[in-house]
Structures are given as structure tokens and as C-alpha cells.
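Breakdown of the fold
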Protein chains: 2
Amino acid sequence: MSIRLGIMGYGNLGRGVEVALQDAPDMELVAVFTRRDPSSVKILTENIPVVSVSEVENWKDKIDVMILCGGSATDLPEMTPQYAKMFTVVDSFDTHARIPEHFANVDAAAKAAGTIGVISCGWDPGMFSLMRVYANAILPDGKDYTFWGKGVSQGHSDAIRRIAGVKNAKQYTIPVDSALEAVRSGKNPELTTRQKHTRECFVVLEDGADAAKVEKEIKEMPNYFADYDTTVHFISEEELLTNHAGLAHGGFVFRTGKTGVNKEHNHVIEYSLKLDSNPEFTTSVLVCIARAAYRMRQEGQTGCKTILDIPPAYLSPVSGEELRAHML
Amino acid sequence: MSIRLGIMGYGNLGRGVEVALQDAPDMELVAVFTRRDPSSVKILTENIPVVSVSEVENWKDKIDVMILCGGSATDLPEMTPQYAKMFTVVDSFDTHARIPEHFANVDAAAKAAGTIGVISCGWDPGMFSLMRVYANAILPDGKDYTFWGKGVSQGHSDAIRRIAGVKNAKQYTIPVDSALEAVRSGKNPELTTRQKHTRECFVVLEDGADAAKVEKEIKEMPNYFADYDTTVHFISEEELLTNHAGLAHGGFVFRTGKTGVNKEHNHVIEYSLKLDSNPEFTTSVLVCIARAAYRMRQEGQTGCKTILDIPPAYLSPVSGEELRAHML
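Residues numbered from 1 in each chain as written. Chains lettered and ligands numbered in written order. Predicted model: local features only at pLDDT ≥ 70, side-chain atom pairs only at ≥ 80, totals over all residues. Heavy atoms only, no water.

**Remarks on the UniProt feature "domain: Meso-diaminopimelate D-dehydrogenase C-terminal" (unreviewed entry) in chain A**
With numbering aligned to this structure, UniProt lists the feature "domain: Meso-diaminopimelate D-dehydrogenase C-terminal" (unreviewed entry) at residues 122-277 of chain A. Span residues 122-277 of chain A is 31% helix and 36% strand, its end C-alpha atoms 12 Å apart. (UniProt positions renumbered as here; feature names shortened; annotations may be inferred. Helix = DSSP H or I, 4+ residues; strand = E, 2+ residues; numbered from the N terminus.)

The following block contains the structure:
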């Protein structure tokens, strides 16, 4: 019997989940839920209903896991506890600083309802978190490094767009090669913010805007740009839409550590991702976490979980015997 | 209260466990067991007894987890089921082809005794297996690549030593850079055995041995060398002991895969290890798996497990709250 899946929200993430499900033979899409008028939402899969979110309660017994495809800023803090009252849910909440609060809210809702809510699944938080936890456990005497990019940072792009005179903008976060190499070599460098990443901005100005003033404002923006080497390119809207519409991203997680009687042995653990589509990779993680959530719920577990609480084998459609015979 | 640990066997691995325990504040070494005369075994830690293996049964209630530091060829297939009858045990059994059989033997013994046996912990099998399972679950439509090295292969070194006229030898397995780059670029290359790794041999001849004959015999040895580009260096025993005594190793696990409506997006997941000491990294894994085994046993679980069955957070001495606040 297939695991019956629902998708809540049909933007980049919702569509990504729908596409990822094509490679999940043990799962079946049952319905897509939307806050919009369902008749206005055209999905890729044929013969699957698009349903108004107002009717979601009627689907309680028809869906095993609901994947919540909302944004972290305002949607998920509300949605995940709310829907955990009805369904086992999975989300990609990625505001690191607010994870403990989100965890507590989802945990209370899920425990009361006898469901599971797996939060913060994707690559960071998600796979990168896993790598940090494994590597810290193995090498307790060591140092962590995380680099992001090359990829568009939504937050930084938004910050540029809020500047007067800016019509549109994309900002790429780029790891500094020499910093990567220094870490990779096991030198345990102390790296400043500026030494780890550069920021490259592609900006479309409003008619008559003052380019020099905008560039200065970007480069001096505290927190976002002031601590980085930032380059600003002014381009046409057409060029922005043509050349900077991609959703590629990625990054690197390192831990370097020492072992030995006199700490004479160095070790370098490196994990990296190069992703053509940030949202599709995230939703590929969400889908296999949904499989794990279903299994944990079948075992009788309830409450809020993260990827750190899930036995790795639960993410795989392959049996334990097969995993041991072919992947261990 | 500390987790009480025993070490069974005091070679490279046993010593590595002892050293790794210095960085595990929640664990305490209780005793080291040996098949040798205990009075002949000098360990690093003061005031810890070295005990004859014949007395191990008396320690049943004094040890929470026994780490089994034997070899995979002959020791562990016997030792792990045997000691799982008395203790929760952890081993580093690494004969991939025999894992299903070993699992079945340990599972039967551990279930009957109400203990846990975690087998095949280290880096391959171990962390590399984990990476394969996670990456396959996330990118079901993709391709796996594993590279080993640069590092000494014990099996290949032994094979050279069995040749008539060879006094001593070390063999390094070396991944081919251009193959690594091709995989890393997302080109999904089809790679032959020869294209993935080269083999470099350092050989000490017996007096009067025929170097040309030995070199030919090495290079044509089926399975071990015939399918590889192999170079052979003849050196003195002194040089071998001085320059080739290191225990460095490492490797790379890749998965490249596609997502998207038309599979238009490529993704590359890469995990790599650069280890100055292969046995010390392995034992660092064993120690945090011992922590996890203890926790699973406290929950009432029994039977044989692998790293694929263990929630990642169980490996860490840090609480769930702390992990979520700082590492997720």
C-alpha cells in the first residue's frame, strides 16, 4: 500500500514535491491544497484534486503525511502547529534562530493530536545540520566551517530591492576559493566573515535613479553587506530575467579535528552540494522525510522531530536487508 | 552517570578507542580485555585493569558497552555473536560481502540475550554507507561513485608479500584526479576500474630475488592489480619502515542525480574524508556509536543494528535542545 501524501501550498516548493513524487514508487499524491481559488491552480499531475484549504479537515483520514510548502517568515510558524493537529506533517522551516520556538509549538500540537511534525528539512537546516552533528560526534576536538554558494540569497536580494531607486535585484553569495582550500588542507584557519564569502549583486535601477548612491547604500548596509567584499553590477531588467532567473545553490560543510595520544593526527571531513535547483533539492529531501515520518508514526511515535531524530534507513524505500547487502 | 566501557583486544583499534575516550566526557573506561597474558599488556590509561579474556563473564554487570577491537577476517565473525550474549557490543566488521551473514548471527545472539550489537561501524562500511543511503534516498534518479585513497590497502599489501622473493611491501590505492573532477562536474561519466584508481607499490626484495619477475607478477595479478595502472618501486626495508609506516587514508563518496519535470536539473552530493590515521578515525566512530548503543539499550531495544538504524542525535553527547539551537 502506498503512503498517501498531501501538498499544502503550490509554489516552487509544492511543485517540487509533486515532481519528486514521480521518483517515489511507494508514495501517492492524493490532493494539493491551496489558499487560492482551486479552479485557478493548474497542477502537473492529472486527475489529482486541487482543494481549498478551507476543506482540509475533511481529508484527515485520507492523507498519511501532509508536506507543508509555505515560507518560513510568516506561513510555517502558523501552519505547522495548525496542521499538526490534523495530520503528520513535514516542513522546511529554515529560520535557524527560531527553530527552538517552532519545535516547541509543533511538539505541543503533535503530541496532543497523536501526530508527528518533522520540521526544518532541506539542506541547511537539513543535510548540513546532519553533517555537523555526525562530524562533531566523531571529532569532538575540532572546528566547524560552513560555506554557502554559489547561489542566490533571497534575503540579500530582498534587502537590495528595498533601497530607493532599485527596481529589481539578485544577490549571489560566493564562497572564497582560497578559504575553501585553506580549510580543506587541514590548516584550521581563523577566517573573518570577509574572508569566507564575497557578495555579487545584479541590480536593475528605476528610471532616473542614482547608480553611485545605490551602490554606496548597498555596500555600506550593515549586517547584509558592510562586512563583505561586495561587487555591484547595474543591468537591464531583461538581462536580469534572462541570465539571473536560475535557482542554483549549494555549499560546503567541513569539520577538521585532531586525534591521537598527543593530538598528532589531523582529519578533514567535507560535505558539499552543487545544486541546479535549490527548491527541487529541498523538496527531494522533504519527500524522503515524509516516508520516514510515516514509518515513525506507524511505530506509535508522536511529537516534533527533526532529521537528527530519524534513523537514516527510514528515509529509503529500500528494505533493511537490501541496504545492508548493497549500500552498507 | 558515565557510560561504562570495555575494550576487547588491544591492538591499533583498541589503543585508538582508549585515546578517543579522552574526548568523551560522558564515558568511562572500565577495563581492557586481552587474549595475551594481561601482565604483558601495558595500556595508556593509569589505574585501569587489563583482564584476561577468560574472565570476561565476571564483568557482565560492570560494563554497559563492550567495543570489540578484533580483525574482520577471523576475529569478529566469532567474537561479536559470542560477546553479544553477555554485553551490548560494537564492532567494525568490514568484509562487505559477509555483512548479511554477520548481521544474522549477531541479531540472533543479541535478541536471545536482550543486548544490542552494532556492527560494521567505521568509515567504509560506516560513514560512507550513511552517505550512500542518504544520497540515494534524496536523489533516486542518479548514480553512485566511491573512491578510496590515497591510503594503504592492507589486502593489496598482503597480496604482494605472498609473492616469492618479496620480503615486505606496502600498496597505496590512489584515486585518479581527472576521474574525481569528471564526477564532480556532474558529467555522470562511465568509469572503468582502471580509470578510477591507480595502485602504487613499495616493495622490499629478499636477497637475490629477481626484481623484473616480481614486478611482472604484481602487475599481472588478477583482481588485485591486473585491471589497474600499477607502478612498482623497489626500496630498502629501512626506507619502507621510515617513509611508509603511516596509517593515512581517506576517500570520496559521490552521488549525482537529476530532478525536474524533464529531469533538467543536475545535483552533485560529495562527501570526503582525509584521515591522518585510519584506525583512529574508525575508533572515533566506534566510540560515538557505543554512546548510541547504550541509549538504544536504555530504551529497551535489542538485536543487531547498523549505523543506518541509529538516529544521528544519539551519537552526540549534546542534548537535543542544544543540537537544535546550535547545530540544526
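Okay, back to it.
**Quick notes on the sheet that holds strand β8 (residues 151-152) of chain B**
The strands making up a sheet associate through backbone hydrogen bonding, with each pair oriented either parallel or antiparallel. All names here are of chain B. As summarised here, the arrangement of the four strands in space is β8-β9-β10-β11, forming an open sheet in which the pairing is mixed. One side of each edge strand has no neighbouring strand; the edge strands of this open sheet are β8 and β11 (229-234). Sheet topology note: the strand β10 (residues 197-205)/β11 ladder contains six bridges and is parallel. Looking across to β11, one finds that threonine 198 is bridged to aspartate 229. Together, β8, β9 (166-175) and β10 form the strand contacts of helix α5 (residues 154-161), whose direction differs from that of β9 by roughly 145 degrees. Running at roughly 150 degrees to β11, helix α8 (residues 211-219) makes contact with β9, β10 and β11 of the sheet. (Pairing = 2+ DSSP bridges. Contact = heavy atoms within 4.5 Å. Axes fitted to C-alpha atoms, helices over the stretch in contact; angles between N-to-C directions.)

**Remarks on the sheet that holds strand β10 (residues 197-205) of chain A**
All names here are of chain A. Taken in spatial order, the four strands line up as β8-β9-β10-β11 in an open sheet, and their pairing is mixed. Of all strands in the sheet, those bounded by a partner on one side alone are β8 (151-152) and β11 (229-234). Against the sheet, helix α8 (residues 211-219) contacts β9 (166-175), β10 and β11, and its axis sits at roughly 150 degrees relative to β11.

**Focus on empty space enclosed by the protein**
Residue and element names in this part refer to chain B. Inspection of the entire model under this criterion finds one cavity of 30 Å³ or more. Looking at the largest cavity, its volume works out to about 40 Å³. Every residue lining the largest cavity is listed: Pro77, Phe93, Arg98, Glu101, His102 and Asn105. It is helix α3 (residues 99-113) that contributes the most residues to the lining of the largest cavity, three residues altogether. Looking at the lining of the largest cavity residue by residue, the classes come out as two nonpolar, two polar and two charged. (1 Å grid on protein atoms, 1.4 Å probe; cavity = no way out; pocket = protein on both sides within 12 Å on 5 of 7 lines; lining within 4 Å. Points joined across faces, edges and corners; volume = space filled by probe spheres on them. Nonpolar A, V, L, I, M, F, W, Y, C, P; charged D, E, K, R; others polar.)

**Section: the environment of isoleucine 7 of chain A**
Residues and elements named next belong to chain A. Looking at the secondary structure, you find isoleucine 7 in strand β1 (residues 3-8). Residues isoleucine 7 and valine 90, 83 residues apart in the sequence, show an inter-C-alpha distance of 10.0 Å. In contact with isoleucine 7, not counting residues within four places along its chain, are Gly14, Val17, Glu18, Leu29, Ala31, Val32, Phe33, Met66, Ile67 and Cys69.

**Section: the relation of the copies chain B and chain A**
When chain B is fitted to chain A, the best match, at an RMSD of 0.0 Å, comes from turning it 180 degrees and sliding it 0.0 Å along the axis. Such values leave the two copies arranged in the relation of a two-fold axis. A shared binding surface is used by both copies, with 100% of the interface residues of chain B retained as interface residues in chain A. (Least-squares fit on C-alpha atoms with pLDDT ≥ 70 in both.)

**Digging into the pattern of salt bridges**
Residues and elements named next belong to chain B. Under the defined criterion, the tally for this structure stands at 34 salt bridges over all chains. Between lysine 111 and aspartate 107 there is a salt bridge, with the nearest N and O atoms lying 2.9 Å from each other. Separated by four residues within a single helix, lysine 111 and aspartate 107 lie in helix α3, roughly one turn from each other. Across the salt bridge formed by lysine 216 and glutamate 220, the nearest N and O atoms sit 3.3 Å from each other. (Salt bridge = Lys/Arg side-chain N within 4 Å of Asp/Glu carboxyl O.)

**Examining the environment of leucine 275 of chain B**
Structurally, leucine 275 of chain B is set in strand β13 (residues 265-275). The class for leucine 275 of chain B is buried, based on a relative accessible area of 2%. Taking the C-alpha atoms as reference, leucine 275 of chain B lies 5.4 Å from alanine 248 of chain B; in sequence the two are 27 residues apart. Residues within four places of leucine 275 of chain B in sequence aside, it is in contact with Asn266 and His267 of chain A together with Trp123, Ala248, His249, Gly250 and Phe281 of chain B. (Buried < 20%, exposed > 50% of the residue type's maximum accessible area, 1.4 Å probe, protein only.)

**Points about the nonpolar core**
Grouped burial of nonpolar side chains is what soluble globular proteins tend to show. In this structure, Tyr271 of chain A together with Tyr271 of chain B are the most contacted members of the largest nonpolar core, which totals 167 residues. Sequence-distant contacts of tyrosine 271 of chain A, defined by excluding residues within four places in its chain, comprise Met127, Phe128, Met131, Gly251, Phe252 and Val253 of chain A together with Met131, Ile269, Glu270 and Tyr271 of chain B. (Core = buried A, V, L, I, M, F, W, Y, C linked by side-chain atoms within 4.5 Å.)

**Brief notes about the state of the cysteines**
Residue and element names in this part refer to chain B. The full count for this structure, using the stated rule, is zero disulfides over all chains. Here cysteine 69 stays free of any disulfide, with the sulfur of cysteine 121 as its closest cysteine sulfur at 11 Å. Of all cysteine sulfurs, the one in cysteine 121 lies closest to cysteine 304, which takes part in no disulfide; the gap is 9.2 Å. Owing to a relative accessible area of 5%, cysteine 304 belongs among the buried residues under this scheme. (Disulfide = S-S within 2.5 Å.)

**A closer look at the interface of chain B and chain A**
Counting from both sides, the interface comprises 63 residues of chain B and, opposite them, 63 residues of chain A. Roughly 5600 Å² is buried in total at the junction of chain B and chain A, and carbon and sulfur atoms are behind 66% of that figure. A salt bridge links aspartate 23 of chain A to lysine 263 of chain B, with the shortest nitrogen-to-oxygen separation between them at 2.3 Å. Our count for the contact surface shared by chain B and chain A stands at 23 residue pairs in polar contact (both at pLDDT 80 or more). (Buried area = accessible area lost by both parts, 1.4 Å probe. Polar contact = N/O pair within 3.5 Å; in protein donor to acceptor, adjacent residues only side chain to side chain.)

**Details of the packing of aromatic side chains**
A full pass over the atoms with the stated rule returns 13 aromatic pairs over all chains. Between tyrosine 172 of chain A and phenylalanine 202 of chain A the ring centres are 5.7 Å apart and the planes differ by 85 degrees, which places this aromatic pair in the edge-to-face class. In this pair, tyrosine 172 of chain A sits in strand β9 while phenylalanine 202 of chain A sits in strand β10, placing the two residues 30 residues apart along the sequence. Judged by relative accessible area, which is 11%, tyrosine 172 of chain A ranks as buried. Ring geometry for phenylalanine 147 of chain B and phenylalanine 254 of chain B: centres 6.0 Å apart, planes at 85 degrees, overall edge-to-face. Of this pair, phenylalanine 147 of chain B sits in strand β7 (residues 142-148) while phenylalanine 254 of chain B sits in strand β12 (residues 249-259), and the two are 107 residues apart along the sequence. Side by side, phenylalanine 147 of chain B and phenylalanine 254 of chain B carry an identical accessibility label, which is buried. Following the ring pairs from residue to residue traces out a cluster consisting of Trp123, Phe128 and Tyr271 of chain A. When the ring centre of phenylalanine 103 of chain B is taken as reference, the NZ or CZ atom of arginine 324 of chain A above it lies at 3.5 Å. (Phe/Tyr/Trp six-rings, centres within 6.5 Å; stacked < 30°, edge-to-face > 60°. Lys NZ or Arg CZ within 6 Å of the ring centre and 35° of its normal.)

**Digging into helix α10 (residues 278-298) of chain A**
Residue and element names in this part refer to chain A. With 21 residues, α10 ought to run about 30 Å at 1.5 Å a step, and its terminal C-alpha atoms sit 31 Å apart, in line with that. Taking burial as the measure, the 21 residues of α10 include 17 buried ones, the bulk of the element. Where α10 begins, one side-chain oxygen reaches toward the backbone nitrogen of glutamate 280, 3.1 Å away; that side chain belongs to serine 277. (Expected span 1.5 Å × (residues − 1).)

**Details of helix α3 (residues 99-113) of chain A**
Counted at 1.5 Å a residue, the expected span for α3 of chain A with its 15 residues is 21 Å, and the 21 Å between its end C-alpha atoms agrees. Tucked into the core, α3 of chain A has its buried residues touching α2 (75-84), β6 (116-118) and β14 (303-305) of chain A together with α11 (320-326) of chain B. Just downstream of α3 of chain A lies glycine 114 of chain A, where phi reads positive at about 75 degrees.

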